[in-house]
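Chain residues, written in single-letter form:
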Amino acid sequence: MGRGRRGPAATVPGKMPKSVLTPQAEDYPRWYQEVVAKAEMAENGPVRGTMVVRPYGYAIWERMQAELDARIKAAGARNAYFPLFIPESYLKREAEHVEGFSPELAVVTHGGGKELEEPIVVRPTSETVINAYFSKWLQSYRELPLLLNQWCNVVRWELRPRLFLRTTEFLWQEGHTCHATSEDARACCLHILHDVYESFMVEQLAVPVLTGRKTDAEKFAGADASYTCEGMMGDGKALQMGTSHLLGQNFARVFDTMFLNEEGEREYAWQTSWGVSTRLVGALIMAHGDDSGLRVPPNIAPVQVVVLAVRDEGGAGEAAASVARQLADRGVRVELDSRTDTSFGRRVIDWELKGVPLRVEVGPRDVAAGEATLARRDDGTKQSVPLAALVERAQSLLADIQSGLLDEARRRLDSRLVDVSSVEEAIEASQSGFARMEWDDADEAALNAAGVSVRCLVRADGTVPDPEERSELRAVVGRAY
RNA sequence: CGGGGCGUAGCGCAGCCUGGUAGCGCACCACCUUUGGGAGGUGGCGGUCGUGGGUUCAAAUCCCACCGCCCCGACCA
């Protein structure tokens, strides 16, 4: 936490502030920082730009990993692991790649107390090392396509870090593939974009995204084309949530990644690479969070239901434990909160901060009536439910909450995405959301001067353009994280 | 790197201008009363005042240098 900054708790000495967090409308970035801190997601590490991910934040990441990993494997990829350290010479082989990454590289010059003969780079991404091994392993078209994925950390030196959104070290998944034809590589790249990333974001994170192609200015260094999933955050700004790149034969050429084709000729492999990172946690926070804290969609929530024993009287403690057990038996991710030495209100607020989708309150009054109280985190409504019907009701409410959060996010995206016909209108529209316009009219220099950028390019029908496609395209512009 | 701000207890801050016993709120510990939307009382623990130097009988306070952090601008998942 920074010095010279105040949480709302500091404004009135001796008194609790009215609200737990700075309201979003008052100061969105501050709201974000406070949620991350108070929901115990993460904090800054000792080295600038590094991040300590706390158990609750990491639990969310683990849920994301589990869902993504299943989809990645279903797409045909296998997991592997490549080293953190990469010879600097590898990076230098692909001219555009080094040029793009050199400003943000961490370079190791000493090891074992001696200066190294060749500097070692801490991986900013692994195309180069992985290609060094692809070239060794790959022999025949019969081995294609070859799809590998790795879960790891990477380092890109950042000047202005923000927890989860932009840190010097972050966790991610990077997929790397080799294909026999350009068409097959393209199909894979888009399959990952839509059927792994977009589907995960919509179904699990309940965040609708726009998919499109990056402009040359924003594409991956060394790629022929980059495709992106762009989400709209609560303040109308865009967040790049995932990217899938078509590498062509660029890396294959410099690393000699070749195979023998059906005609018996040696040919360079056609490649893709793709990744999503812990930035997704930031996306989750900003896509659904409200003035009371996080709102985590049930599908991704590490805790879907918290059962609160209001106090340990009238059998409430036992009843709460029993409810929690029943929910767990039905496969619900549930946590029992029986800390009755802490006040009820405090505990409610803490669980709201953490965004647990559904809260079950069990107190003496509920027990006497044979009921429990269910409180939804998404809309704040409460209802009493007979204990016998509780598990069923909880499960149906979780489903409602999941779809409700998606609908809400979709309405925001739809209502704040407007079609415009000039740079001036685009800048105006970007103050509250996205603008869509003819790409030919989108003067990037003029937009950038106003703090706005082209997030992605799409066709008139909304589908993603081919790598070389340039005419009749629409540009989606907005402010970006 | 350019501009602005800030370093005092775990967190948020006051004290500095006008040198002289280091304070407040929250958190934490103990006990009692509490518990259906941030509980109250009483007692307690906790600080090399960012670092180094200088001025002075005396420095959190004045002077110099350095370091760090935060915010705003040029790059990125």
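So, how was this worked out
- Residues numbered from 1 in each chain as written.
- Chains lettered and ligands numbered in written order.
- Predicted model: local features only at pLDDT ≥ 70, side-chain atom pairs only at ≥ 80, totals over all residues.
- Heavy atoms only, no water.
- Phe/Tyr/Trp six-rings, centres within 6.5 Å; stacked < 30°, edge-to-face > 60°.
- Lys NZ or Arg CZ within 6 Å of the ring centre and 35° of its normal.
- Salt bridge = Lys/Arg side-chain N within 4 Å of Asp/Glu carboxyl O.
- Helix = DSSP H or I, 4+ residues; strand = E, 2+ residues; numbered from the N terminus.
- Buried < 20%, exposed > 50% of the residue type's maximum accessible area, 1.4 Å probe, protein only.
- Pairing = 2+ DSSP bridges.
- Axes fitted to C-alpha atoms, helices over the stretch in contact; angles between N-to-C directions.
- Contact = heavy atoms within 4.5 Å.
- pLDDT = per-residue confidence, 0-100.
- Expected span 1.5 Å × (residues − 1).
- Arc of directions from axis to C-beta.

As for the packing of aromatic side chains
Scanning all chains against the criterion turns up eight aromatic pairs. Every member of this aromatic cluster is reached through a ring pair, and the members are Phe82, Tyr133 and Trp137. The lysine or arginine in question, lysine 237, covers the ring of tyrosine 481, its NZ or CZ lying 4.4 Å from the ring centre. Between lysine 354 and the ring centre of tyrosine 56, over which it is positioned, the NZ or CZ distance is 5.7 Å.

Remarks on the pattern of salt bridges
Inspection of every chain in the model, using the stated rule, returns 30 salt bridges. The closest approach of N and O atoms between arginine 63 and glutamate 67, which form a salt bridge, is 3.2 Å. Here arginine 63 and its partner glutamate 67 are both found in helix α2 (residues 55-74), four residues apart, which amounts to about one turn of the helix. The same class applies to arginine 63 and to glutamate 67, which are both buried. Bridged by salt links that share partners, the residues Arg63, Glu67, Arg71 and Glu203 form one connected network.

Here's the deal with the pairing of strand β18 (residues 371-376)
Among the six residues that make up β18, five are buried, leaving the element largely enclosed by the rest of the structure. Sheet topology places strand β17 (residues 358-362) next to β18; four bridges connect them, and they run antiparallel. Looking across to β18, one finds that valine 360 is bridged to leucine 374. Pairing of β18 with strand β19 (residues 382-386) involves five bridges; the strand directions are antiparallel.

Describing the sheet that holds strand β15 (residues 305-309)
Strand order in this open sheet of five strands is β16-β15-β17-β18-β19, and the pairing throughout is mixed. Of all the strands in the sheet, the pair left with one neighbour each is β16 (334-337) and β19. Adjacent strand axes in the sheet meet at a mean angle of 25°, parallel and antiparallel pairs treated alike. Packing against the sheet, helix α12 (residues 390-415) makes contact with β15, β17, β18 and β19, and its axis sits at approximately 5° to β18.

Some points on the confidence of the model for chain A
When pLDDT is averaged along chain A, the result is 92, and 96% of the positions lie at 70 or above. A low-confidence stretch, residues 1-17 stays under pLDDT 50, and its non-local contacts, those more than four residues away or across chains, total 21 contacts.

Looking at helix α9 (residues 316-329)
In an α-helix, one full turn covers 3.6 residues, which means residues spaced three or four apart are oriented alike. Between its terminal C-alpha atoms α9 stretches 20 Å, which fits the 20 Å expected from 14 residues at 1.5 Å a residue. Along α9, the positions that sit buried rather than exposed are Ala316, Gly317, Ala319, Ala320, Val323, Ala324 and Leu327. Summarising the axial view, the buried residues of α9 lie within an arc of 165°, below the 170-degree limit, and thus occupy one face. Every exposed residue of α9 that faces more than 90 degrees away from the buried side is listed here: Glu318, Arg325 and Asp329. Where α9 is buried, its residues contact β15, β16, β17, α11 (364-369) and α12. Glycine 331 lies just past α9 and shows a positive phi near 85°.

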